[in-house]
Amino acid sequence: MKNEKRDFDKEASEWDEIPGHVKLASDIAAAMSRHVPLSTTMDVLDFGCGTGLLTLPWARQVRSITGVDSSQGMLDVFAAKAAKQGFANIKTLHLDLDKDETLTGKYDLIVSSMTLHHIRNIKSLLHQFHGVLVPSGLLCLADLDLEDGQFHRDNSGVFHFGFERGVLRRAFVDAGFDDVLDTTAVEETRPISDGEMRRFTVFLMMGLKRERA
């Protein structure tokens, strides 16, 4: 796999014009909504938020949304969309884990969609997520089941060809999460080499940060 970083800044302005991007984010958001109780007292962190396709539709259902991404171009698009729609409860934050930058703040819910496979050190990130969640806070991640590297046409910046769910569940537990569960969120068929069609599955994995005595 290619480990050089993908330049999402160059793709940001046209990201929402690709129907597949919009549909996948919408399908994942719908799956999350079936499992995650949103409320107007909830502060949400969207990690790897991109242009906000996942959480922008939730803006009226939660108290605040903080979109975090390593691409300033993506964040600029997200911020512009939020401003155009008049949402004052959305802010964006540039963060680059490769520069040892760390998450700050406190959140009731952390969500992330199709970002984990771009992260080199999964265990460290899960510990960070646990640290910035409030007691009884929830982590909900969506990503690919284990595949052979054909989901992306270009594997630049891809460190994991999907995940084996059992391994990732153990990483959740090791990071301090309880009540870890997973479910299939989306099945997507897309063309790969020579025009062959391949079915890929996207899972949701959720974990709770319990209050400790």
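Refer to the preceding data block for the structure.
Residues numbered from 1 in each chain as written. Predicted model: local features only at pLDDT ≥ 70, side-chain atom pairs only at ≥ 80, totals over all residues. Heavy atoms only, no water.

Undergrad: How would you sum up the pattern of salt bridges? Please name residues and give values.
TA: The full count for this structure, using the stated rule, is nine salt bridges. Here R63 ties to D43 by a salt bridge, and the two come within 2.9 Å at their closest N and O atoms. In this pair, R63 sits in the loop between strand 1 (43-47) and strand 2 (64-69) while D43 sits in strand 1, placing the two residues 20 residues apart along the sequence. For R63, a relative accessible area of 45% puts it in the partly exposed group. Across the pair D179 and R210 runs a salt bridge whose closest N-O atoms are separated by 2.5 Å. Remark: R210 occurs in the segment after strand 7 (197-208) and D179 occurs in strand 6 (residues 178-191); sequence separation between them is 31 residues. A relative accessible area of 46% means that D179 is categorised as partly exposed. The class of R210 is partly exposed, set by a relative accessible area of 37%. The network of salt bridges with shared partners includes D145, R165, R169 and D182. (Salt bridge = Lys/Arg side-chain N within 4 Å of Asp/Glu carboxyl O. Helix = DSSP H or I, 4+ residues; strand = E, 2+ residues; numbered from the N terminus. Buried < 20%, exposed > 50% of the residue type's maximum accessible area, 1.4 Å probe, protein only.)

Undergrad: Tell me about helix 4 (residues 122-132), and name the residues and values.
TA: Buried within helix 4 we find I122, L125, L126, Q128, F129, H130 and V132. In the core, the buried residues of helix 4 are packed alongside strand 1, strand 4 (107-113), strand 5 (133-144) and helix 5 (165-174). Taking the backbone nitrogen of K123 as reference, a side-chain oxygen 3.4 Å away marks N121 as the first, capping residue of helix 4. (Contact = heavy atoms within 4.5 Å. Polar contact = N/O pair within 3.5 Å; in protein donor to acceptor, adjacent residues only side chain to side chain.)

Undergrad: Describe the sheet that holds strand 5, listing the residues and the values that go with them.
TA: Within a sheet, adjacent strands bond to each other through the backbone by hydrogen bonds, running parallel or antiparallel. Judged by pairing direction, the sheet is mixed, and its seven strands sit side by side in the order 3-2-1-4-5-7-6 without closing on themselves. Edge positions in the sheet fall to strand 3 (90-94) and strand 6, since each has one partner strand and no second. Direction aside, the axes of adjacent strands within the sheet are offset by 15° on average. As paired strands, strand 2 and strand 3 are joined by five bridges and run parallel to one another. Within strand 3, the position partnered with I65 by the bridge is I90. Contacts from helix 4 reach strand 1, strand 4 and strand 5, with the element oriented near 145° to strand 5. Helix-sheet contacts for helix 5 involve strand 5, strand 6 and strand 7, and the interaxial angle to strand 7 is about 20°. (Pairing = 2+ DSSP bridges. Axes fitted to C-alpha atoms, helices over the stretch in contact; angles between N-to-C directions.)

Undergrad: Before we move on, could you go through the nonpolar core and cite the residues and values that matter?
TA: Ranked by internal contacts, the top residues of the largest apolar core, which has 35 residues, are I28 and M32. Mapped by element, the contributors of at least two residues to this core are helix 2 (19-35), helix 3 (72-84), strand 4, strand 5, strand 6 and strand 7. No other element matches helix 2, which puts five residues into this core. Core analysis: the next-biggest nonpolar cluster, separate from the first, contains 25 residues, L45, I119, I122 and F172 among them. (Core = buried A, V, L, I, M, F, W, Y, C linked by side-chain atoms within 4.5 Å.)

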